[in-house]
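Each chain, letter by letter, is given below.
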Amino acid sequence: MSISIPLNTTLQYSSSSSLAPSFSLFSPITSTAVSVTGIRQRCLRMVTSCVSNAQKSVLNGATDAVSIVGREQIRLGLPSKGRMAADSLDLLKDCQLFVKQVNPRQYVAQIPQLPNTEVWFQRPKDIVRKLLSGDLDLGIVGLDIVGEFGQGNEDLIIVHEALNFGDCHLSIAIPNYGIFENIKSLKELAQMPQWTEERPLRVATGFTYLGSKFMKENGIKHVTFSTADGALEAAPAMGIADAILDLVSSGTTLKENNLKEIEGGVVLESQAALVASRRALTERKGALETVHEILERLEAHLKANGQFTVVANMRGTDAEEVAERVKTQPSLSGLQGPTISPVYCKRDGKVSIEYYAIVICVPKKALYESVQQLRAVGGSGVLVSPLTYIFDEETPRWSQLLSKLGM
C-alpha cells in the first residue's frame, strides 16, 4: 500500500501501545512552512514507529487475529526430511490423501482430495512453533517435539496421539562403567554424593525443557543441561557430560557406546501425532471440517490395519443354529459378532437354503487359528482378504476433540 502526501500538508503522529501510530493531517500551509526533506523525515519516523510497534505486538501475541483471519487456505505442516517425512506421506497415501508436489525442492504442496488445504514441509520443531504463531493450522510431528517446543501451551491440541510410526521414548542414559557401573535407577543416580551445587550432574541433550521439568518433578536439584544435537552418545566418553537425555528406539546405539538406560529414567513415550492449533479450529473457516475428514480417514485406516475379513460357507438348518456353532469358538466373535446370511442355491429348478455364509473380522495374529476354528465347526470354502478401512458410526477422537474445544 502506498501513501501520497501533498507537499503543502503537515503530518503529525504520536507513539502509542497500539499496533499502528495515530496520525492526523492538518490544514494546508504554504510550501515554505515545510520542506520536502522534512516530510520525508516525518514519513520515515512514522514507518519506523509502525515497524517497532508491530514487532512488540508479535512478541505480545497481538497478531493472533491477523494470522487466523488473514488467509483462507488451511495449512498442514509435514516433516521435510528423514523417516518421519516418508512415513507421514505413506500414511496420508494409505488414507487416500495424495500429496502432490510439483517440484521436490519446493516446500509447499497440495492435496487434491482436500482442495482448501496446503501442505508445508518444515522441520518438526518449526511445525510446532508455526502452529503457535498461527502460520500453520495442523501438523504431524512426534509427541517429543510437541512436548519440548510446545511447552504445555494450551493452544496446541493433540487430535490423534497414535499414528503408528515414529515410535521411541525419551530416556536418560548413563555410562555402564566407572562410578556409574552399579547405578541402576534414577533414584540411585540422584543420591550419588558426587552431585553438589558446585559440581552438578551434567546432562547433554536436545530436550532442555522436558529434561529440566522431569528432573524437577523427581526432586533432583543439582543438575545442569548442555544443549546438543546429534551424536550425544559420545558426550560422556569425551568428559563433557555425565549422562545424556535422548530418544531411544531399539537401544542398540546406547549399547555400542557403553551406555545404559536406568529404571525410572524414561521421560516420555513418543510416536507421530496429529496436532492442531486451537485458535485455527475455532476461528478459521473450514478448519474444523477439514480436521474431521482427516481424522475419519486416519481412524478408518488405522483401525483396519492388520485386520482381515474371513468368509466361509457352513451347512445349517437356520441362521440361529449356525450362529450358535460359530460362537462356541473364541476367535470367531469378530468386531461385534459374526455376520450370518443365507446362501441361495438352485436344485431341481427350485431355490433352497442349505448353506449360510459367515463373515467375521479377525486380527492378523489370530488369522490361522480362526480359519482352523471355522473348519472345526463345519466351515468350508474359506476366503481371506485384508481390510483397508473400518469406518465407525463416529470416531471417538472426534467427540474428544469437540469436548476439548468446548463444543
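Scoring rules and cut-offs
Residues numbered from 1 in each chain as written. Predicted model: local features only at pLDDT ≥ 70, side-chain atom pairs only at ≥ 80, totals over all residues. Heavy atoms only, no water. Helix = DSSP H or I, 4+ residues; strand = E, 2+ residues; numbered from the N terminus. Buried < 20%, exposed > 50% of the residue type's maximum accessible area, 1.4 Å probe, protein only. Areas by Shrake-Rupley, 256 points an atom, 1.4 Å probe, with all protein chains shown as cover. Salt bridge = Lys/Arg side-chain N within 4 Å of Asp/Glu carboxyl O. Pairing = 2+ DSSP bridges. Axes fitted to C-alpha atoms, helices over the stretch in contact; angles between N-to-C directions. Contact = heavy atoms within 4.5 Å. Core = buried A, V, L, I, M, F, W, Y, C linked by side-chain atoms within 4.5 Å. Lys, Arg positive; Asp, Glu negative; His and termini not counted. Polar contact = N/O pair within 3.5 Å; in protein donor to acceptor, adjacent residues only side chain to side chain. Patch = residues over 30% accessible without salt bridge, like charges linked within 9 Å, V, L, I, M, F, W, Y side chains within 5 Å.

Asker: What is the right way to read the overall build of the protein chain from this model?
Answerer: Helix and strand counts for the protein chain stand at 14 helices and 17 strands. Expressed as a percentage of its 407 residues, the buried residues of the protein chain come to 40%. Entry remark: accessible area of the protein chain is about 22,900 Å², with carbon and sulfur atoms responsible for 53%.

Asker: How should I be thinking about the pattern of salt bridges in this particular structure?
Answerer: When the charged atoms of two side chains with opposite charge come close together, those side chains can pair. Across all of its chains, the model carries 17 salt bridges by this definition. Glu118 is the partner of Arg75 in a salt bridge, and the nearest nitrogen-oxygen pair spans 3.6 Å. Here Arg75, found in strand β3 (residues 74–79), pairs with Glu118, found in strand β5 (residues 117–122); they are 43 residues apart in sequence, far enough to count as distant. Since its relative accessible area comes to 22%, Arg75 is described here as partly exposed. In this structure, Arg83 engages Asp87 in a salt bridge whose closest nitrogen and oxygen atoms are separated by 3.3 Å.

Asker: How should I be thinking about the sheet that holds strand β4 (residues 108–110) in this particular structure?
Answerer: What holds strands together in a sheet is hydrogen bonding between their backbones, with the strands either parallel or antiparallel. The strand order across the open sheet built from six strands is β4-β5-β3-β6-β13-β7, with neighbouring strands paired in mixed fashion. Here the strands that pair on one side only, and so sit at the sheet edges, are β4 and β7 (156–160). For this sheet the average axis-to-axis angle between neighbouring strands, irrespective of direction, equals 35°. When β7 meets strand β13 (residues 272–277), the two strands line up antiparallel, connected through four bridges. Of the residues in β13, the one forming a bridge with Ile158 is Val275. Contacts from helix α3 (residues 82–94) reach β3, β5, β6 (138–142) and β13 within the one sheet, and its direction differs from that of β3 by about 130°. In this fold helix α5 (residues 143–150) packs onto β6, β7 and β13, with an angle of close to 105° to the strand it touches most, β6.

Asker: Hey, could you run me through the nonpolar core in this one?
Answerer: For soluble globular proteins, the rule of thumb is that nonpolar side chains tend to be buried together. Residues Leu138, Leu163, Leu281 and Leu401 are the most contacted members of the largest nonpolar core, which totals 32 residues. No other element matches the seven residues that helix α11 (residues 287–304) contributes to this core. Once residues within four sequence positions are removed from consideration, Leu138 is found in contact with Ile74, Arg75, Leu76, Gly77, Leu131, Val275, Ala276, Leu281, Val291 and Ile294. Among the nonpolar cores identified, the runner-up in size contains 22 residues, and Leu170, Trp195, Val203 and Ile220 belong to it.

Asker: Help me understand the side chain of Lys260 in this model?
Answerer: Inspection of the secondary structure assignment puts Lys260 in strand β12 (residues 259–270). Notably, Lys260 is buried but unbridged: the nearest opposite-charge side chain belongs to Glu188, and the N-O separation is 7.4 Å. Polar side-chain contacts of Lys260 include one of 3.0 Å to the backbone oxygen of Glu181. Among the polar contacts made by the side chain of Lys260, one reaches the main-chain carbonyl oxygen of Ile183 at a distance of 2.9 Å. Once residues within four sequence positions are removed from consideration, Lys260 is found in contact with Ile172, Ala173, Ile174, Pro175, Asn176, Phe180, Glu181, Asn182 and Ile183.

Asker: How should I be thinking about the environment of Ile111 in this particular structure?
Answerer: With respect to the helices and strands, the residue Ile111 is situated in the loop between β4 and β5. When the C-alpha atoms of Ile111 and Gln96 are compared, they prove to be 9.8 Å apart, with 15 residues separating the residues in sequence. Excluding residues within four positions of it along the chain, Ile111 makes contact with Leu76, Leu97, Phe98, Val99, Thr117 and Val119.

Asker: Sorry, what's going on with the pairing of β3 here?
Answerer: Consecutive side chains of a regular strand alternate in pointing toward one face of the sheet and then the other. Counted residue by residue, β3 has five buried out of six residues, so it is predominantly covered. Pairing geometry for β3 and β5, over six bridges, is parallel. Among the inter-strand pairings, Leu76 is bridged to a residue of β5, identified as Val119. Strand direction decides the pairing type here: β3 and β6, joined by two bridges, are parallel. By the bridge assignment for β6, Gly77 is matched with Gly139.

Asker: In this structure, what is going on with a nonpolar patch on the surface? I would like to understand it.
Answerer: On the surface, Tyr344, Val351 and Ile353 cluster together into a nonpolar patch covering about 330 Å² of accessible area. With respect to the helices and strands, the residue Val351 is situated in strand β16 (residues 350–363). Look at Val351 and you get exposed, because its relative accessible area is 61%.

Asker: Mind showing me how you'd approach unusual backbone geometry here?
Answerer: A negative phi holds for most residues other than glycine; trans holds for most peptide bonds. A positive phi angle, near 60°, is found at Gln96, a position not held by glycine. You can see Gln96 is positioned in the loop between α3 and β4. For Gln96, a relative accessible area of 39% puts it in the partly exposed group.

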